[in-house]
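So the chains spell out like this:
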Amino acid sequence: MSRVSSSIFNWQRFAGNRRLFLLCLFLFVVSAFFSSWLFFPAEVLQRRLLQEVSLQTGLNMQGRNATMLFPVGLGLDLSIYPEMSELIDFDLTELQVTPVWGSLFSNQQKVNLTGILAGGGINADVGRGGQISLKLKDIALAALQQLDMPYRISGQLTGQLAGENISKNMSGRGNFSLSLRDTRVLGLEQIGLPANFSAGMLQLEGKLDQRRVSLEKVVLTGGPLELSGGGNILIGEIPEQTRLNLNVRLHPTSTTPDSLRELLNLTGVRPTADGSYLLRVGGTLAKPVIR
């Protein structure tokens, strides 16, 4: 009997020691992981991250104020230098880069990025293979354009983009949905229209396929001139190489300024039975042709 009791006691002591050993091992691994993470040079991780993004997108960018986030993540401020002279440098502040935990055990690992751009919010899931799911909320569009541009568009931009195989040579595809609230066109006084033309709400829906942008829905409502239409844009390296093929229907309302009605008449397009104007826009982005 004593031998049995001794065996049970020894087993309980072994089991207790094993649990204690496993607990100590677990605490050691966790402490080692978080110690290495917290003391990992944030600047090194920031440099590696920006190199990867630049390689995939071709964007020129610079990071600053890099910090490690708990439990796993990187915080930084980011400046993006677009190649288009009409745009200012984008300052993406309070950027947080964290792993998408559900993707870690799949073939498509992703990271999540959140930050602030032009007073609005950005949230994106980005995969190594060019997958992207992007959401924008209340981006002040006018703050991203050069002040010396002859014509500018302002408003609060909200929308989303989902794509795959997105790269700097525009070889991917995807779909998008955008809305611009409080749309205003600045600079129209040069052609005899109000200097601060309030246009209402602009909505865009479409698809991306290689370098072709298919606009499936273009609607402008709530302003003195209603608009609907669609078409295709073939994107080139520069505006002079970007081809337009759009159909646009303009419908004056009771609040349409006389100066805008006169401008419509100058296009040479006769109004249809309901008073709207059907315009076909071709040519290039640099020199559009209306007929």
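Refer to the structure presented above.
Residues take numbers from 1 onward in each chain, read along the sequence in its written order. In keeping with the predicted nature of the model, local features appear solely for residues at pLDDT of at least 70, side-chain atom pairs appear and are counted solely at 80 or more, and the whole-chain, interface and lining totals rest on all residues. Heavy atoms from the whole structure form the basis of all side-chain values; hydrogens and water molecules are not counted.

Trainee: Any chance you could break down the overall build of the protein chain for me, citing the residues and the numbers?
Mentor: Scanning the protein chain from N- to C-terminus turns up three helices and 14 strands. Two residues qualify as a contact provided that any one of their heavy atoms is within 4.5 Å of a heavy atom in the partner residue. At a minimum sequence separation of 6, the contacts of the protein chain that also span at least 24 residues come to 39%. Residue burial considers only the protein chains on display, and all accessible areas are found by Shrake-Rupley using a 1.4 Å probe. Working note: accessible area of the protein chain is about 18200 Å², and carbon and sulfur atoms make up 59% of it. Put simply, DSSP H or I for four residues or longer makes a helix, DSSP E for two residues or longer makes a strand, and each gets a number counted from the N terminus.

Trainee: Can you explain unusual backbone geometry? Please cite residues and give values.
Mentor: Despite not being glycine, E94 shows a phi value in the positive range, around 55 degrees. Turning to its location among the elements, E94 is positioned in strand β3 (residues 90-99). Positioned with a positive phi, D182 is a non-glycine residue whose angle comes to about 55 degrees. For D182, the location among the structural elements is in strand β8 (residues 173-186).

Trainee: Give a detailed account of the pattern of salt bridges, specifying residues and quantitative values.
Mentor: Any carboxyl oxygen of Asp or Glu that lies within 4 Å of a side-chain nitrogen of Lys or Arg is treated as forming a salt bridge with it. Considering all chains together, one arrives at four salt bridges under this definition. For R181, the salt bridge identified is with D138, shortest N-O distance 3.0 Å. Taken together, the residues R181 in strand β8 and D138 in strand β6 (residues 132-140) connect sequence positions 43 residues apart. Its relative accessible area of 35% is what places R181 among the partly exposed residues. A salt bridge links D182 to R181; its shortest N-O distance comes to 3.5 Å. For D182, a relative accessible area of 48% gives the class partly exposed. Within the structure, one salt-bridge network assembled from shared partners comprises D138, R181 and D182. Residue burial is assigned from relative accessible area. The probe radius is 1.4 Å, only protein chains are included, and a residue is buried under 20% of its type maximum, exposed over 50%, and partly exposed in between.

Trainee: Report on the side chain of Q131, specifying residues and quantitative values.
Mentor: Here Q131 lies in the loop between β5 (120-127) and β6. Here Q131 falls in the buried class, since its relative accessible area comes to 19%. If sequence neighbours within four positions are ignored, Q131 has contacts with Q108, D125, V126, G163, E164 and N165.

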